[in-house]
Amino acid sequence: MERRRILQGAAVAAAGALLPASVRAAAATTGATDYPAAHWVPASTSNYTVSSRPSAYPVGYVVIHVTQETFSETISIFQNPAKKVSAHYVVRSGDGYIDQCVREKDIAWHAGNWDYNTRSIGIEHEGWVDQPAYFTNPLYEKSALLTASICDRYGIPKDRAHILGHAEVPGADHTDPGPHWDWVRYIRLVNLLSTG
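Being a predicted model, the structure only gives us computed values, none of them experimental.

(A) Representation of the side chain of Asn 47. When you line up the elements, Asn 47 lands in the loop between β1 (39-40) and β2 (48-49). From its side chain, Asn 47 meets the backbone oxygen of Phe 78 in a polar contact 2.8 Å long. Once residues within four sequence positions are removed from consideration, Asn 47 is found in contact with Ile 77, Phe 78, Gln 79, Asn 80, Pro 81, Lys 83, Lys 84, Val 85, Ser 86 and Trp 109.

Dropping the structure here:
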């Protein structure tokens, strides 16, 4: 497990070094994030819609995703203008490290449903739906803190009617976060770790 964490950290560092200088410069100069524990690593502007939420659209949901990719590959996908997909946040499995890729005021293209995209914050979690070992204590805890912060800031109830899995979004063709995601534990943590 420790070796995997070291390798993941090295992969993330290497991926950062491979980013174009313009992207690294933008990340450095736009260092502030909507969630203080996150790190700003912007998605391509081709992969989300600029908006002025919550005035343009009320934010009433958090949508939980599982990447079906590694953390670094997910970031690369969000930065590839041809992919037409993004989420607001990505949480790394091994240590709960969080990158923010889209500002909360903007509409990430994550839910597969425009109405839900406009009214939700999307959080991707590194892992695969059929590999529960990726759902580590740090991933659950750091993600729950993030979700609690989002709920507190937007007045979203901390329950399963407002914290949804991607598979629960109407019209979604995805199965994530899958049968191994511990919803009881997650919602309990969101409420216990509440920032409000």
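(B) Geometry of helix α6 (residues 183-192). Residues of α6 that are buried include every one of Trp 183, Arg 185, Tyr 186, Ile 187, Leu 189 and Val 190, and no others. Next to the buried residues of α6 lie β3 (61-66), β7 (120-125), α5 (137-154) and β8 (163-165). Between the side-chain oxygen of the N-cap and the backbone nitrogen of Val 184 there are 3.4 Å, and the N-cap of α6 in question is Asp 182.

(C) Geometry of α5. Between the first and last C-alpha of α5 there are 26 Å, a value that for 18 residues agrees with the 26 Å anticipated at 1.5 Å per step. Buried residues of α5: Leu 139, Tyr 140, Ser 143, Ala 144, Leu 146, Thr 147, Ala 148, Ser 149, Ile 150 and Cys 151, and no others. As for α5, its buried residues are in contact with β3, β4 (89-91), β5 (98-100), β7, β8 and α6. The backbone nitrogen of Leu 139 has a side-chain oxygen 3.2 Å away, supplied by the residue at the start of α5, namely Thr 136. The positive-phi residue at the C-terminal boundary of α5 is Gly 155, with phi of around 70°.

(D) Representation of the sheet that holds β3. The strand order across the open sheet formed by 6 strands is β1-β5-β4-β7-β3-β8, and the pairing between neighbours is mixed. Since the sheet does not close on itself, it has two edges, and those belong to β1 and β8, each with one partner. Relative to β5, β1 runs parallel, the two being bridged by 2 bridges. Within β5, the position partnered with Trp 40 by the bridge is Gln 100. Across the sheet, α5 is in contact with β3, β4, β5, β7 and β8; its angle to β7 comes to roughly 175°. Where α6 meets the sheet, it contacts β3, β7 and β8, and its direction lies at approximately 155° from that of β8.

(E) Seen up close, the side chain of His 65. Among the secondary structure elements, His 65 is positioned in strand β3. Judged by its relative accessible area of 0%, His 65 is buried. Within the structure, the side chain of His 65 is placed 2.8 Å from the side chain of His 110, a separation counted as a polar contact. Once residues within four sequence positions are removed from consideration, His 65 is found in contact with His 110, Ala 111, Gly 122, Ile 123, Glu 124, His 125, His 166 and Asp 176.

(F) Region of interest: unusual backbone geometry. Here the amide bond leading from Arg 53 into Pro 54 is cis, since omega sits at 5°, within 30 degrees of zero. Relative to the assigned elements, Pro 54 resides in the loop between β2 and β3. In this model, Asp 176 is joined to Pro 177 through a cis peptide bond whose omega is 10°. Structurally, Pro 177 can be placed in the loop between β8 and α6. Despite not being glycine, Gln 68 has its phi angle at roughly 60°, a positive value. Inspection of the secondary structure puts Gln 68 in the loop between β3 and α3 (71-79).

(G) Structural detail: the confidence of the model for the chain. Confidence in the prediction for the chain averages 88 pLDDT; 83% of positions are at 70 or higher. Counted against residues more than four places away or in other chains, residues 1-30, with its pLDDT under 50, gives 23 contacts.

(H) Looking closely at the pattern of salt bridges. Within this structure, the stated rule accounts for 6 salt bridges. The partner of Lys 158 in a salt bridge is Asp 152, with the nearest N and O atoms 2.4 Å apart. Residue classification places Asp 152 among the partly exposed positions, given a relative accessible area of 27%. Linking Glu 168 and Arg 160 is a salt bridge whose minimum nitrogen-to-oxygen distance equals 2.6 Å. With relative accessibility at 39%, the residue Glu 168 sits in the partly exposed group. Residue Arg 160 is classed as partly exposed on the basis of its relative accessible area, which comes to 30%.

What counts as what
Residues numbered from 1 in each chain as written. Predicted model: local features only at pLDDT ≥ 70, side-chain atom pairs only at ≥ 80, totals over all residues. Heavy atoms only, no water. Helix = DSSP H or I, 4+ residues; strand = E, 2+ residues; numbered from the N terminus. Polar contact = N/O pair within 3.5 Å; in protein donor to acceptor, adjacent residues only side chain to side chain. Contact = heavy atoms within 4.5 Å. Buried < 20%, exposed > 50% of the residue type's maximum accessible area, 1.4 Å probe, protein only. Expected span 1.5 Å × (residues − 1). Pairing = 2+ DSSP bridges. Axes fitted to C-alpha atoms, helices over the stretch in contact; angles between N-to-C directions. pLDDT = per-residue confidence, 0-100. Salt bridge = Lys/Arg side-chain N within 4 Å of Asp/Glu carboxyl O.

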